[in-house]
Amino acid sequence: MTVTDTPCDTDSDTNTDTDTATATATTHRRRAFALLGSVQITLIFTLAAIAVPLPEIGRAFGLERADLILLSAAYGLTFAGLLLFGGRLSDRYGGRRALTAGLIVFAAASAAAPFSSGIGTLLVARFAQGAGAALIAPAAMGVLRAVFPAPAAYGKAMATWGGLSVLGATAGNLLSGVIAELLSWRWSFAVPLAVAVAALVLAPRLLPNTPPSRGRALDLPGALLATAGITLVSYGLVVTDALPWSSAGVLAPLLIGAALLIAFWYAERRAGDPLLPPRFLLDRRRALALAAIAFSACATAMTFVTLSLHLQQDRDWSPLRTSAAFVPFAIALLTSGRAAGPLIARFGPRVVTAAGLATAGAGLVLLALTGLDPHTPYASALLPGLVLLPAGAAASFAGAAVLTTHGVPHERTGLAGGVLNTAMELGPTVVFAIVLTFGSDAVSLAATGAALALVAALNLRAQRSRPSRPSSLPQGATQ
C-alpha cells in the first residue's frame, strides 16, 4: 500500500504545482494586460481631455477661434504624424524599451502642461504629449504580443484591445467636463501624468522584455516624408473649420502634404526595408478593417464635438450637465465591449465589424433626424442614438483590431500598431473635416452614418468572398 500511495501522492503534487503555475501565469498576464490597456485608454483620454473645457481655456488666455482649433488638434497632429516611425522604433529597439521612452516623454509633457502661462507653452506641451503617445501606442501592442504569444490568446486580447480607444475618448469627454466644473481644466493633465508614472513603476515587474530586431533599418527618409505629409494634411484639414478651402492657409499644407505622401509611397516601393511596406495596405481585407476603424473613430469624435457644442450653445447646458448626458453612451460602450469578444469567437471578426458599423450608422442617422433640435426631449431625441452609436462602435473597433493584426509576424507588430492607431487618429481629422463640408451638422452626421453602412457592406462582401478560419484568430472566428 505504501508503494502504491507514493506515486499517487507525487502525481498529485505535480498536478497541483502545474495548476498553481498556470494560475500564476494567467494572473500575471491579466495584470500586464490591465497595465497596457490603462495606458492605451489614457492616450485617447488625453486626446479628448480639453475638448469640453476648451471655451474656458480660450477665455483664460484670450484666444481666438483659430488658436483654439490649433490647440485642440496639437496632440493629435504629432500623435498621428509620428505613429509609423514610432512603430519602427518599437520593432527596432524592442517594445518595452520604446514604451518606457515614450512614457517618460509623455509624463514630462503632462507635468509641464498645467503650469502653462500662455498658448505657446501649452501648445509645446501638447505637441510633446503627442510625440510620446506616438511611441507608446505601437510599443504597447508589441509588448501585448509578447504577453500573449499564442495566436488564439492574442486574437482574444486584440478583440478587447480594439474597444479601449473609444472607451478612452468617452472617459476624456465625461471627466473633462466634471474636472473643469469642479476644479480647473489644468487638473485634466493629472490623469495622464498619474497613469504614466504608475506605468513606469510597474512595467519592469509586469511586462516582458521584448527582444529588438537589430537587423532592421530605421528608414529615416521614409519617416520624415510620412511624418511631414500626415502632419501637413491633417493640419490643412483641421484649419478648414476657421478658413475657407480656397485660402492659402488650407491649400498650401494640403498640397504640400499630399505631395510628400506621394513621394513617401514611391520611396517605400524602392526601399530595401521600408517603414510601411505597400503590400501591407494593399491587402483588401486589412484595408477594409482600417477603414472601419477610421470611420468609427470619426463617428464617435463627431458625436462628441457636435453634441457638446449643441448642448452648451443651443440648450445652454453647463459642462457638468453636458458630460452627464454622455453617461448612457459610456454604459452602452462598456456593455458592447464586454460582449464583443464572445461574439467574435462565435461569428467571426468580419461579421461583428460589419454589424457594429451598421448599428453605429443607425445611431448617427437617429441623432441627425431628432437629436439636434433644441426643443426635443433628451430621452426621446438624443438617448436612442447615444446608445446605438457606442454599442456599434465598440463592436466594430474590436472586430477591426483583430482583422488588422491578423497574420502579422512578431517583428512587424509595432508596424501593425502604428498603422492601426494612425487610422484611429486620422478618422477624427481627415474624415471629420471632409464630411463637415457637406453642410449642416445634421447632414454631416447622416452622411457619416451612410458611410458606415457602406463600409459594413464591403466588409460583409469580403467575408463571403473567402470564408476561412485562420489560426491566429480567436477560436470560432473567421476572417
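So, how was this worked out
- Residues numbered from 1 in each chain as written.
- Predicted model: local features only at pLDDT ≥ 70, side-chain atom pairs only at ≥ 80, totals over all residues.
- Heavy atoms only, no water.
- Helix = DSSP H or I, 4+ residues; strand = E, 2+ residues; numbered from the N terminus.
- Rg over C-alpha atoms; globule rule 2.2 N^0.38 Å.
- Buried < 20%, exposed > 50% of the residue type's maximum accessible area, 1.4 Å probe, protein only.
- Contact = heavy atoms within 4.5 Å.
- Areas by Shrake-Rupley, 256 points an atom, 1.4 Å probe, with all protein chains shown as cover.
- Lys, Arg positive; Asp, Glu negative; His and termini not counted.
- Charge placed at Lys NZ, Arg CZ, Asp CG, Glu CD.
- Axes fitted to C-alpha atoms, helices over the stretch in contact; angles between N-to-C directions.
- Parallel < 35°, antiparallel > 145°, perpendicular 65-115°, else oblique.
- Left-handed = near helix turned anticlockwise from the far one by under 90°.
- Nonpolar A, V, L, I, M, F, W, Y, C, P; charged D, E, K, R; others polar.
- Phe/Tyr/Trp six-rings, centres within 6.5 Å; stacked < 30°, edge-to-face > 60°.
- Expected span 1.5 Å × (residues − 1).
- Core = buried A, V, L, I, M, F, W, Y, C linked by side-chain atoms within 4.5 Å.
- Polar contact = N/O pair within 3.5 Å; in protein donor to acceptor, adjacent residues only side chain to side chain.
- Patch = residues over 30% accessible without salt bridge, like charges linked within 9 Å, V, L, I, M, F, W, Y side chains within 5 Å.
- Salt bridge = Lys/Arg side-chain N within 4 Å of Asp/Glu carboxyl O.
- Arc of directions from axis to C-beta.
- pLDDT = per-residue confidence, 0-100.

## Considering the overall build of the protein chain
- When you go through the protein chain residue by residue, the secondary structure sums to 18 helices and 0 strands.
- Relative to its length of 479 residues, the protein chain is compact, with a C-alpha radius of gyration of 23 Å against a globular reference of 23 Å.
- Seen through its C-alpha atoms, the protein chain measures out along the principal axes to roughly 90 × 50 × 50 Å.
- Expressed as a percentage of the 479 residues in the protein chain, the buried residues total 53%.
- Taking the intrachain contacts of the protein chain between residues at least 6 apart in sequence as the baseline, contacts between residues at least 24 apart amount to 84%.
- Carbon and sulfur atoms form 66% of the exposed surface of the protein chain, whose accessible area is close to 19,700 Å².
- Between the averaged position of the 32 positive side-chain charges in the protein chain and that of its 22 negative side-chain charges there is a distance of 8 Å.

## A few points about the packing of helix α4 (residues 95–112) against helix α8 (residues 190–206)
- Interhelical geometry of α4 versus α8 gives an angle of 150° and a closest axis separation of 9 Å. The angle between α4 and α8 falls in the class roughly antiparallel. Like other packed secondary-structure pairs, α4 and α8 cross with a definite hand, here left-handed. Along its contact with α4, which presents Arg96, Thr100, Leu103, Ile104, Phe106, Ala107, Ser110 and Ala111, the element α8 presents Pro192, Leu193, Ala196, Ala199, Leu200, Ala203 and Pro204.
- Here the contact of α4 with α8 is composed, by residue class, of 12 nonpolar, 2 polar and 1 charged.

## With respect to the packing of aromatic side chains
- The full count for this structure, using the stated rule, is 9 aromatic pairs.
- Arranged with centres 6.1 Å apart and planes meeting at 70°, the rings of Phe33 and Trp161 form a pair that is edge-to-face. Of this pair, Phe33 sits in helix α1 (residues 2–48) while Trp161 sits in helix α6 (residues 151–161); the two residues are 128 residues apart in sequence, bridging distant segments of the chain.
- Residue classification places Phe33 among the buried residues on the basis of a relative accessible area of 16%.

## Some words on helix α12 (residues 284–314)
- Relative to the 45 Å expected for 31 residues at 1.5 Å per residue, α12 spans 43 Å between its end C-alpha atoms, a close match to the ideal helical length.
- Where α12 terminates, the next one or two residues include Asp316, which has phi positive at roughly 60°.

## Quick notes on the nonpolar core
- Counting 101 residues, the largest nonpolar core has Leu36, Phe79, Leu144, Met158 and Trp161 as its most contacted members.
- Sequence-distant contacts of Trp161, that is, excluding residues within four places in its chain, are made with Phe33, Leu36, Gly37, Gln40, Ala140, Met141 and Leu144.
- Core analysis: the second largest hydrophobic core is formed by 14 residues, Leu54, Phe61, Leu68 and Trp185 among them.

## Observations regarding unusual backbone geometry
- Despite not being glycine, Asp316 has its phi angle at roughly 60°, a positive value.
- Inspection of the secondary structure assignment puts Asp316 in the loop between α12 and α13 (319–325).

## Comments concerning the environment of Leu220
- Topologically, Leu220 is positioned in helix α9 (residues 220–238).
- For the pair Leu220 and Leu275, spaced 55 residues apart in the sequence, the C-alpha separation amounts to 8.5 Å.

## Points about the side chain of Thr322
- Turning to its location among the elements, Thr322 is positioned in helix α13.
- For Thr322, a relative accessible area of 1% corresponds to the buried category.
- Within the structure, Thr322 has its side chain in polar contact with the backbone oxygen of Ser318 (distance 2.8 Å).
- If near-sequence neighbours (up to four positions away) are discounted, Thr322 is found in contact with Ser308, Leu311, Gln312 and Trp317.

## Section: the environment of Ile344
- With respect to the helices and strands, Ile344 occurs in helix α14 (residues 327–347).
- Between the alpha carbons of Ile344 and Ile230 there is a distance of 32 Å; along the sequence they are 114 residues apart.

## So, a nonpolar patch on the surface
- A contiguous nonpolar surface patch, about 440 Å² in accessible area, is contributed by Leu182, Leu183, Trp187 and Leu320.
- Summarising the element assignment, Leu320 is placed in helix α13.
- The exposure class assigned to Leu320 is partly exposed, which follows from its relative accessible area of 32%.

## Let's talk about helix α2 (residues 54–61)
- Every buried residue of α2 is listed here: Leu54, Ile57, Gly58 and Phe61. Looking straight down α2, one finds that the buried residues subtend no more than 100° of arc, so they occupy a single side.

## What about the confidence of the model for the protein chain?
- Taken residue by residue, the protein chain gives an average pLDDT of 83. The fraction at 70 or more is 90%.
- When the criterion is pLDDT under 50, residues 1–7 qualifies, and its contacts beyond four places in sequence or with other chains add up to 0 contacts.

## Considering the environment of Thr353
- Tracing the backbone shows Thr353 in helix α15 (residues 349–371).
- Exposure remark for Thr353: the relative accessible area of 0% places this residue in the buried category.
- Once the C-alpha coordinates of Thr353 and His406 are considered, the two residues, 53 residues apart in sequence, prove to be 14 Å apart.
- With residues near it in sequence (within four places) discarded, Thr353 still touches Ala292, Ala395, Ser396, Gly399, Ala400, Leu403 and Asn459.

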